[in-house]
Amino acid sequence: MATTDGRQSGGVDARLAGAVLTVDLAALQANYRLISSRLTSGATASAVVKADAYGTGIGPAATALWAAGARDFFVAHADEGVTLRRHLADARIHVLNGAHAGAEEAFREHGLIPALNCLDDVARWRAFCAKAGQPLPCVLHVDTGMCRLGLDRREYARVVADPSLLDGLDIQSVMSHLASADEDSPQNAEQLALFRDVRGHLPMGRASFANSSGVFLGPDYHFDLARPGVALYGVNPTPGSPNPMAQVVRLQAKILQVRDVDSAETVGYGATHRIAGPSRIATLPVGYADGYLRSLGNRATAYIGDYEAPLVGRVSMDLITIDVTAVPEAQCRPGMTVDLIGPHHTVDDLAAQAGTIGYEILTSLGRRYHRVYADGAA
Ligand SMILES: *Cc1c(COP(=O)(O)O)cnc(C)c1O
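Residues numbered from 1 in each chain as written. Predicted model: local features only at pLDDT ≥ 70, side-chain atom pairs only at ≥ 80, totals over all residues. Heavy atoms only, no water.

### Looking at the site of the ligand
Which entries qualify depends on this criterion: Summary of the distance rule: residues count as near a molecule or strand when at least one heavy atom falls within 4 Å of that molecule or strand. Here a polar contact means two N or O atoms within 3.5 Å. Within protein one must be a hydrogen donor candidate and the other an acceptor candidate, and residues neighboring in sequence count only if both atoms are side-chain atoms. In this count, Pro and Cys sit with the nonpolar residues alongside Ala, Val, Leu, Ile, Met, Phe, Trp and Tyr, while Asp, Glu, Lys and Arg are called charged and the others, Gly among them, polar.
Inspection of the region around the ligand gives 14 residues, with Lys 50, Tyr 54, Ser 212, Val 230 and Tyr 359 positioned closest. At 2.7 Å from an oxygen atom of the ligand is found a side-chain nitrogen or oxygen belonging to Lys 50. Between Tyr 54 and the ligand, the recorded distance is 2.6 Å, taken from a side-chain N or O atom to an oxygen atom. Residue classes in the shell around the ligand are distributed as seven nonpolar, four polar and three charged.

Next up, the structure:
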């Protein structure tokens, strides 16, 4: 849905929603360009848009990333690829989880490129290509340290010993995935050495190795095609150092009620917060059903303008309560907005308070928000 000021919106009707999620598409594009600019010459950045573009909305996000220059996109599930194809007719869409038996025809119909994650995948895609009478595009995934997807050591050794196992395939890229790119870990160099060995034996197509944090490990890790995800959406790919990325997501809840409390009372389920002296408590229409994680109870902070307001009590399914005693009354009335994620409080900050990572905060973002896609003009 487009509005007169050039913004798109979606989700719940603005008049009815309890909170507004703003996705800054200009910041998303700036992040894509920043990652691209960090890559060594000859390397390009794809865009990883799995899990509904990390919760931001695959249609608007992918369209913006395409406009910023991305041509290669990665999703996890085939179904996400089918959705993405509706938004981007000409993109190269790679499906990380691959094509399971029976899905091959749908891959061809929608022009999806499967990752081949084991020799069985290789055999099935070869058989499908033979039936189709032509080599069809695919990605060969070799595991170098995740023990999750990709040819394992034994399968890799078999392919090296008998390259004809790959005959009849159009291998557009050979990929692997870093396990500890966001840490200063010796595993990074170990995986790099293994992947170099892989490229020595399997030099076809483009080499794809680095995720977001991998890009920041330096040029050795860049190869031909980087696969940044989370950094595009504003999460810090270099934990422990200042975040080079722009914030993309803002979450603002509308105050439902404000109450003055001057007696000893407790707040919320389980009475986990006890009010000590005269206080004001504001109730907000966001809860764990919206992906505002329950582990944030008594731990999170919200902001009203520049004022910090701590979350008190447990997170309920549909509600939270914040202590607004320190906030001027004029800025804290029903209908006014509170930043749950915003300029003072990033996705990473909230993740730290929840005892999790920014990925989980983003991919949990709820379905009951009104969504605004700001293109930067506003
Ligand atoms: C999710 C994923 C990525 C993107 O990782 P980020 O850490 O979000 O940049 C890249 N490659 C693979 C195989 C993935 O599963």
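### Considering the nonpolar core
How we decide: For our purposes a nonpolar core is just a set of buried Ala, Val, Leu, Ile, Met, Phe, Trp, Tyr and Cys residues, chained together by side-chain atoms within 4.5 Å. Relative accessibility under 20% of the residue-type maximum defines a buried residue, over 50% an exposed one, and the middle range a partly exposed one, all with a 1.4 Å probe and only protein chains included. We call two residues in contact when some of their heavy atoms are within 4.5 Å.
Of all hydrophobic cores here, the largest spans 111 residues; its most connected members are Val 49, Leu 65, Phe 73, Tyr 292, Ile 322 and Leu 340. Those residues in contact with Phe 73 that lie beyond four places of it in its chain are Ala 47, Val 49, Ala 62, Leu 65, Trp 66, Leu 84, Leu 88, Ala 91, Arg 92, Ile 93 and His 94. If you look at the next biggest cluster of nonpolar residues, it comprises five residues, including Val 261, Val 267, Ile 275 and Ile 281.

### Points about the pattern of salt bridges
Quick note on the threshold: A side-chain nitrogen of Lys or Arg and a carboxyl oxygen of Asp or Glu constitute a salt bridge if their distance falls within 4 Å. The helix and strand labels rest on DSSP assignments: H or I over at least four residues marks a helix, E over at least two residues marks a strand, and numbering proceeds from the N terminus.
Following the criterion strictly, the structure yields twelve salt bridges and no others. Salt-bridge contacts for Asp 121 lead to Arg 124; the nearest nitrogen and oxygen are separated by 2.9 Å. One end of the pair, Asp 121, and the other, Arg 124, are both in helix 6 (residues 119–132), three residues apart, so they sit about a helical turn from each other. The exposure class assigned to Asp 121 is buried, which follows from its relative accessible area of 11%.

### Some words on the packing of aromatic side chains
We apply this condition: Note on aromatic contacts: the rings of Phe and Tyr and the six-membered ring of Trp form a pair at centre separations within 6.5 Å, being stacked when their planes are under 30 degrees apart, edge-to-face when over 60 apart, and tilted otherwise. Note on geometry: a ring has a charge over it if NZ (lysine) or CZ (arginine) is within 6 Å of the ring centre and within 35 degrees of the ring normal.
All chains considered together, the criterion is met by eight aromatic pairs. Aromatic pair Tyr 54 and Tyr 359: ring centres 6.3 Å apart, planes at 40°, arrangement tilted. Of the two residues, Tyr 54 sits in helix 2 (residues 50–54) while Tyr 359 sits in helix 11 (residues 358–363), which places them 305 residues apart along the sequence. By relative accessible area, Tyr 54 is classed as buried at 6%. Consider the rings of Phe 209 and Phe 223, whose centres lie 5.6 Å apart with planes at 85°: the pair is edge-to-face. A residue pair is termed long-range when its members are at least 10 positions apart, and Phe 209 in the loop between strand 10 (206–208) and helix 9 (212–215) and Phe 223 in the loop between helix 9 and strand 11 (225–226) qualify at 14 residues. Take Phe 209: its relative accessible area is 0%, and that puts it in the buried class. Among the aromatic residues, ring-to-ring pairing joins Phe 195, Phe 209, Tyr 221 and Phe 223 into one connected group. One cation-aromatic arrangement involves Arg 71 over Trp 66; the distance from NZ or CZ to the ring centre is 3.6 Å.

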